[in-house]
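Working through the structure, step by step
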Amino acid sequence: MPVYNERTTVEEIVRRVRGVPLEIELVVVDDGSTDGSREILESLAEAGSIDRLILHDVNRGKGAALSTGFGAASGDAVLVRRYGRTRPTSSTAPGSWAGVRIACSTSGTTSATGSSP
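Residues numbered from 1 in each chain as written. Predicted model: local features only at pLDDT ≥ 70, side-chain atom pairs only at ≥ 80, totals over all residues. Heavy atoms only, no water.

Details of the overall build of the protein chain
Each helix and strand counted, the protein chain has 3 helices and 6 strands in total. Its helices and strands in sequence order give the protein chain the pattern β-α-β-α-β-α-β-β-β, from N to C terminus. Split into buried and exposed, the 117 residues of the protein chain put 35% on the buried side. Summarising the internal contacts of the protein chain: among those between residues at least 6 apart in sequence, 63% fall at separations of at least 24. Split by element, the accessible area of the protein chain, about 6600 Å² in all, is 50% carbon and sulfur. (Helix = DSSP H or I, 4+ residues; strand = E, 2+ residues; numbered from the N terminus. Buried < 20%, exposed > 50% of the residue type's maximum accessible area, 1.4 Å probe, protein only. Contact = heavy atoms within 4.5 Å. Areas by Shrake-Rupley, 256 points an atom, 1.4 Å probe, with all protein chains shown as cover.)

Encoded structure:
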């Protein structure tokens, strides 16, 4: 899950993702946040709510954050969901995965991308 300056929403988003009734590995990439998001994510990781937290020193863009996350994921499939300011938090309700598409990458890892309607 890419994060950039989402301090007002990131805790709730992580809580909702953890509420989805699936066995998941939650990989979060903070892309150089400067608003306190990083500290919140570090606390969530210490509490066990985030399985893997990766911190970019500077903002490198959403594509770089996604790429970093894909590289860090250990599962056979990767689900990407838009959060925070890019979508209202009501669209992050547990079970709300409409619009997710699955695609195979050349590395043999399966990734899923898309957005809710």
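A look at the nonpolar core
One finds Met1, Val3, Val10, Ile13, Val14, Val17, Leu26, Val28, Leu41, Leu44 and Ile50 forming the largest nonpolar core, which totals 11 residues. When contributions to this core are tallied by element, the ones reaching two or more residues are helix H1 (10-18) and helix H2 (37-46). At 4 residues, H1 tops the list of elements feeding residues into this core. For Leu44, the contacting residues outside a window of four places in its chain are Glu11, Val14, Ser49 and Ile50. One finds Val27, Val29, Ile54 and Ala65 within the second-largest nonpolar core, a separate group that totals 5 residues. (Core = buried A, V, L, I, M, F, W, Y, C linked by side-chain atoms within 4.5 Å.)

Quick word on a nonpolar patch on the surface
Together, Leu22, Ile24 and Leu79 give the surface a local cluster of nonpolar side chains, amounting to about 240 Å² of exposed area. Within the secondary structure layout, Leu79 lies in strand E4 (residues 77-79). (Patch = residues over 30% accessible without salt bridge, like charges linked within 9 Å, V, L, I, M, F, W, Y side chains within 5 Å. Salt bridge = Lys/Arg side-chain N within 4 Å of Asp/Glu carboxyl O.)

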